[in-house]
Amino acid sequence: MPARTTVLVTGGAGFIGSHTCVELLDHGYDVVVVDDYSNSVPGALERVAKIAARPPVAVHEIDLLDRRALSRVFDEHRVDAVIHFAARKAVGESVELPVEYYDTNVGGTTALLHAMRDHGVHRLVFSSSCSIYGDATKVPLTEADPARPTNPYAASKWLCEQVLADICRHLAGFSVLALRYFNPVGAHPSGLLGEVPRKAVPNNVMPYLARVAAGRLPRLSVFGGDYPTADGTGVRDYIHVMDVAEGHRLALEHLDDEVGMRVFNLGTGRGTSVLELLAAFQRACGRPIPYEVTDRRPGDVPALVADPGAVARAWNWSTARDLDVMCRDAWRFQELNPSGYPN
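This text gives an overview of the structure that appears in the document. (Residues numbered from 1 in each chain as written. Predicted model: local features only at pLDDT ≥ 70, side-chain atom pairs only at ≥ 80, totals over all residues. Heavy atoms only, no water.)

### Re the overall build of the protein chain
When its secondary structure is counted, the protein chain shows eleven helices and 14 strands. In summary, the protein chain has a C-alpha radius of gyration of 19 Å against a globular reference of 20 Å for 343 residues, a match within 12%. Summarising its shape, the C-alpha atoms of the protein chain cover approximately 55 × 45 × 40 Å along the three principal directions. When the 343 residues of the protein chain are sorted by exposure, 57% land in the buried category. At a minimum sequence separation of 6, the contacts of the protein chain that also span at least 24 residues come to 81%. Side chains of the protein chain give 34 positive and 41 negative charges; the mean places of these two sets differ by 2 Å. (Helix = DSSP H or I, 4+ residues; strand = E, 2+ residues; numbered from the N terminus. Rg over C-alpha atoms; globule rule 2.2 N^0.38 Å. Buried < 20%, exposed > 50% of the residue type's maximum accessible area, 1.4 Å probe, protein only. Contact = heavy atoms within 4.5 Å. Lys, Arg positive; Asp, Glu negative; His and termini not counted. Charge placed at Lys NZ, Arg CZ, Asp CG, Glu CD.)

Next comes the structure, spelled out in structure tokens:
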């Protein structure tokens, strides 16, 4: 894609969205952000502007379900392509709030598609999830493996993929890349940008570890110690958030390879258990981290590990940052931002 292309990023103030905005700005794209700040803060975009040395073209505080407001964004900006991150994303919470998850994740996606179609925008990178593989019968997982979602979050992402595939079948010219990334962790190497969960006890393991290491929480709860894995704890394919951001930027560059819907895994291809992640984070912060093994969370599965071969063959790309870098960058962000962003 040529420079000065304008990309609309939904959820651009969130963890992955903000890092992707930096990646896009660093590579000459113009960025328009839509975010309702339900799981993010404006301060993240201030850090984006500081790191990239230029701010997004515009930031619109709206809910994607507000179709009139969303249409006005497309009226105001000449959008060339969209990266769609905005979604609820916590597995455990989705079990408690299934209606809200379908409303936000599926309804927000169809509202976005309405606005895109009405404004002649046909190019979309969709932030999907490895969770759609669910209770997988094998690892690593290829894009051809069946979807087996075990919770409303995963099911909502799978439904979105089906909607997008159907749109591509029936509306000429639509080009969609769905990226099923695995477990994004880490932070920008500057220490200025990272993951700032709103809850006192984070849903995701890396910020949870960071807060325990910093003394803000007493111990890490390891959910499940009786899985059929080497040490009994869940195994995941952790991927650095900057690798995820780079993957989304590359997806933009490959949207025009062909029309229709395509799906790629983004992962390292290496599985790490919770206890192995704990050991790596202890190396990064230089101190022991107390933990306790508790009951499994509803909807969790034993192991999810990517086979990233398809994207490597298609784009000649693979992840560049290992587990020690992920932990080091996450800990640097925690040390520099003990209470998150200023606002």
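### Section: the sheet that holds strand S9 (residues 235-236)
One open sheet holds the three strands; their spatial order is S12-S9-S14, and the pairing between them is mixed. The open sheet has two edge strands with one neighbour each: strand S12 (272-273) and strand S14 (303-304). (Pairing = 2+ DSSP bridges.)

### A few points about the packing of helix H1 (residues 15-26) against helix H2 (residues 43-52)
Running from N to C, H1 and H2 cross one another at 25 degrees; their axes reach a closest spacing of 9 Å. Comparing the axis directions of H1 and H2 gives the class roughly parallel. Here H1 and H2 pass one another in a crossing that is right-handed. Listed contacts from H2 to Ser-18, Cys-21, Val-22, Leu-25 and Asp-26 of H1 are Ala-44, Val-48, Ile-51 and Ala-52. Among the residues making up the contact of H1 with H2, the classes are represented as seven nonpolar, one polar and one charged. (Axes fitted to C-alpha atoms, helices over the stretch in contact; angles between N-to-C directions. Parallel < 35°, antiparallel > 145°, perpendicular 65-115°, else oblique. Left-handed = near helix turned anticlockwise from the far one by under 90°. Nonpolar A, V, L, I, M, F, W, Y, C, P; charged D, E, K, R; others polar.)

### Quick look at the pattern of salt bridges
The full count for this structure, using the stated rule, is 17 salt bridges. A salt bridge links Asp-329 to Arg-332, with the nearest nitrogen and oxygen atoms 2.8 Å apart. Of this pair, Asp-329 and Arg-332 both sit in helix H11 (residues 323-336), separated by three residues, roughly a single helical turn. Among the charged side chains, a network of salt bridges with common partners joins Arg-4, Asp-30 and Arg-54. (Salt bridge = Lys/Arg side-chain N within 4 Å of Asp/Glu carboxyl O.)

### Details of the sheet that holds strand S3 (residues 58-60)
Sheet strands pair via backbone hydrogen bonds, and the direction of the pair is either parallel or antiparallel. On the basis of which strands lie adjacent, the open sheet formed by seven strands has the order S3-S2-S1-S4-S5-S6-S11 and parallel pairing. Both edges of this open sheet fall to S3 and strand S11 (260-266), since each of them pairs with a single strand only. Averaged over neighbouring strand pairs, the angle between their axes works out to 15 degrees when direction is ignored. Both strand S6 (residues 175-181) and S11 contribute to a ladder of seven bridges, which runs parallel. Paired with Ser-175 across the strands is Gly-260, a residue of S11.

### Things to note about the nonpolar core
Core analysis: the largest hydrophobic core is formed by 44 residues, its most contacted members being Leu-24, Leu-252 and Trp-315. Leave out the neighbours within four places in its chain, and Leu-24 touches Val-7, Val-9, Tyr-29, Val-31, Ile-83, Arg-249 and Leu-252. (Core = buried A, V, L, I, M, F, W, Y, C linked by side-chain atoms within 4.5 Å.)

### What about helix H9 (residues 274-285)?
Across its twelve residues, H9 extends 16 Å between first and last C-alpha, which sits within 8% of the 16 Å expected from 1.5 Å per residue. Within the sequence span of H9, burial applies to Val-274, Leu-277, Leu-278, Ala-280, Phe-281 and Cys-285. Within H9, the buried residues cover an arc of 165 degrees as seen down the axis, which keeps them to one side. Taken together, the buried residues of H9 touch helix H7 (205-213), strand S8 (220-223), strand S10 (238-240), S12, strand S13 (291-294) and H11. Two residues or fewer after H9 comes Gly-286, characterised by a positive phi angle close to 70 degrees. (Expected span 1.5 Å × (residues − 1). Arc of directions from axis to C-beta.)

### Considerations on the state of the cysteines
In the structure shown here, the tally under the stated rule is zero disulfides. Note on Cys-160: no disulfide assigned, nearest cysteine sulfur contributed by Cys-168 at a separation of 13 Å. The exposure class of Cys-160 is buried, given its relative accessible area of 1%. Cysteine Cys-285 is unpaired, with the sulfur of Cys-327 as its nearest cysteine sulfur at 9.0 Å. (Disulfide = S-S within 2.5 Å.)

### Considerations on the environment of Phe-182
Within the secondary structure, Phe-182 is located in the loop between S6 and strand S7 (183-185). Given the relative accessible area of 3%, Phe-182 is considered buried. For the pair Phe-182 and Ala-136, spaced 46 residues apart in sequence, the C-alpha to C-alpha distance is 14 Å.

### Some words on H2
When you tally the buried positions in H2, you get eight out of ten residues, the bulk of the element. Tucked inside the fold, the buried residues of H2 contact H1, strand S2 (30-34) and S3. In the stretch just after H2, Ala-53 is the one whose phi turns positive, near 65 degrees.

### As for the side chain of Glu-23
As for its position among the elements, Glu-23 is in helix H1. With sequence-adjacent residues up to four places away left out, Glu-23 is seen in contact with Met-242, Ala-245, Glu-246 and Arg-249.

### Topic: the packing of H9 against H11
Between H9 and H11, the shortest axis-to-axis distance is 9 Å and the interhelical angle comes to 55 degrees. When the axes of H9 and H11 are compared, the pair comes out oblique. Considering the relative orientation of H9 and H11, their crossing is right-handed. On H11, the residues that touch Glu-276, Leu-277, Ala-280, Phe-281, Arg-283, Ala-284 and Cys-285 of H9 are Leu-323, Asp-324, Cys-327, Arg-328, Ala-330 and Trp-331. Counted by class, the contact of H9 with H11 contains nine nonpolar, no polar and four charged residues.

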